[in-house]
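Each chain is listed here by its residues.
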Amino acid sequence: MIEQSTLKDAERVVRVLMAIILLTAGTSKFFSHGGFFEYYAGLFQGDLRIRLPTWLVKAYLYAIPFIEIGLGCVLLCNRHKVLAVYGWFAFMLSLLIGHYILQEWSSVNQMLDYFFLGLLCLVLPNHQSWLRRDIA
């Protein structure tokens, strides 16, 4: 049997990893000088089976860095762990749908790993505080 404190340590590592992924991604988009927006806005204007309104694509592309930074910060808050993990699932699902629309099948498959991270974070117990390690 795995000790409770070990499971809590594993959850802490998973949640920090999730936060770092989001904070790094969001920060890199802010410093891409519009490269992220231009690249994906152009891809969504291509010949696709599913066509989304241009205003919707542009609005979401503008929002993505803010969502990533915000969700990354909320993941670091123990009080809002469950809400943050469900936010993670919703955000990752939106990215999965975007890659599906772009017909990037390998990216769709790779998104599953991110869902498993969220699932681990959701089912593992967590320490009551980032500053101490619960023994029991």
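Nothing here was measured: the structure is a model prediction, and the numbers come from that model.

A.B. asks: Quick question: what am I supposed to make of the overall build of the protein chain here?
C.D. replies: When helices and strands are tallied, the protein chain shows five helices and zero strands. When the helices and strands of the protein chain are read in sequence order from the N terminus, they spell out α-α-α-α-α. Dimensions of the protein chain along its principal axes, counting C-alpha atoms only, are 55 × 30 × 20 Å. Buried residues in the protein chain amount to 37% of all 136 residues. Look at the contacts in the protein chain between residues 6 or more apart in sequence, and 77% of them connect residues 24 or more apart. Summed over all atoms, the accessible surface of the protein chain reaches about 8,300 Å², with 68% contributed by carbon and sulfur. Where the 11 positive side-chain charges of the protein chain centre and where its 9 negative ones centre are 7 Å apart.

A.B. asks: Help me understand the packing of helix α2 (residues 35–43) against helix α3 (residues 54–75), please; the structure alone is not making it clear to me.
C.D. replies: When two helices pack together, their arrangement is given by the angle between the helix axes and the distance between those axes. Remark: α2 packs on α3, axes separated minimally by 10 Å, with the N-to-C direction vectors making an angle of 145°. By crossing handedness, the relation of α2 to α3 is classed as right-handed. Residues F36, F37, Y40 and A41 of α2 touch α3, and the partners they reach there are K58, L61, Y62 and I64. Among the residues forming the contact of α2 with α3, the class breakdown is seven nonpolar, no polar and one charged.

A.B. asks: Just to check I follow, could you spell out α3 for this structure?
C.D. replies: Owing to its 3.6 residues per turn, the α-helix brings residues three or four apart onto one side. In this model, α3 (22 residues) spans 31 Å end to end at C-alpha, consistent with the 32 Å of a helix rising 1.5 Å per residue. Maximal helix bending in α3 amounts to about 35°, located at A63; proline P65 follows within four positions. V57, L61, I64, P65, E68, L71, G72 and L75 are the residues of α3 that are buried.

A.B. asks: I would appreciate a short explanation of unusual backbone geometry in the present structure.
C.D. replies: Most peptide bonds take the trans form, and the phi angle of most residues other than glycine is negative. Even without glycine at this site, H33 takes up a positive phi of about 55°. H33 sits in the exposed class, given a relative accessible area of 75%. Despite not being glycine, Q103 shows a phi value in the positive range, around 60°. Note that Q103 resides in the loop between α4 (81–101) and α5 (105–123).

A.B. asks: Can you help me understand the packing of aromatic side chains in this one?
C.D. replies: Remark: the centre distance and the inter-plane angle together describe each pair of aromatic rings, the angle taken between the planes. Per the stated rule, a full pass over the model turns up eight aromatic pairs. A ring pair is formed by F37 and Y62, whose centres lie 4.3 Å apart and whose planes are at 20°; its orientation type is stacked. Of the two residues, F37 is situated in helix α2 and Y62 in helix α3; the sequence distance between them amounts to 25 residues. On the basis of relative accessibility, which here comes to 12%, the residue F37 falls in the buried class. Owing to a relative accessible area of 53%, Y62 belongs among the exposed residues under this scheme. In this structure an aromatic cluster arises from ring pairing among F36, Y39 and Y40. Positioned over the ring face of F36 is K29, at 5.0 Å from the centre of the ring.

A.B. asks: Help me out: how do you make sense of the nonpolar core in this one?
C.D. replies: Inside soluble globular proteins, nonpolar side chains tend to come together where they are buried. Membership of the largest hydrophobic core comes to 28 residues, with the highest contact counts inside it found for M18, L22, L61, L75, W88 and M92. Tallying contributions element by element places α4 first for this core, with eight residues. In this structure M18 touches L75, W88, L117, G118 and C121, once residues within four positions along its chain are discounted.

Reading guide: rules and limits
- Residues numbered from 1 in each chain as written.
- Predicted model: local features only at pLDDT ≥ 70, side-chain atom pairs only at ≥ 80, totals over all residues.
- Heavy atoms only, no water.
- Helix = DSSP H or I, 4+ residues; strand = E, 2+ residues; numbered from the N terminus.
- Buried < 20%, exposed > 50% of the residue type's maximum accessible area, 1.4 Å probe, protein only.
- Contact = heavy atoms within 4.5 Å.
- Areas by Shrake-Rupley, 256 points an atom, 1.4 Å probe, with all protein chains shown as cover.
- Lys, Arg positive; Asp, Glu negative; His and termini not counted.
- Charge placed at Lys NZ, Arg CZ, Asp CG, Glu CD.
- Axes fitted to C-alpha atoms, helices over the stretch in contact; angles between N-to-C directions.
- Left-handed = near helix turned anticlockwise from the far one by under 90°.
- Nonpolar A, V, L, I, M, F, W, Y, C, P; charged D, E, K, R; others polar.
- Expected span 1.5 Å × (residues − 1).
- Bend = angle between axes of the 7 residues up to and from the residue.
- Phe/Tyr/Trp six-rings, centres within 6.5 Å; stacked < 30°, edge-to-face > 60°.
- Lys NZ or Arg CZ within 6 Å of the ring centre and 35° of its normal.
- Core = buried A, V, L, I, M, F, W, Y, C linked by side-chain atoms within 4.5 Å.

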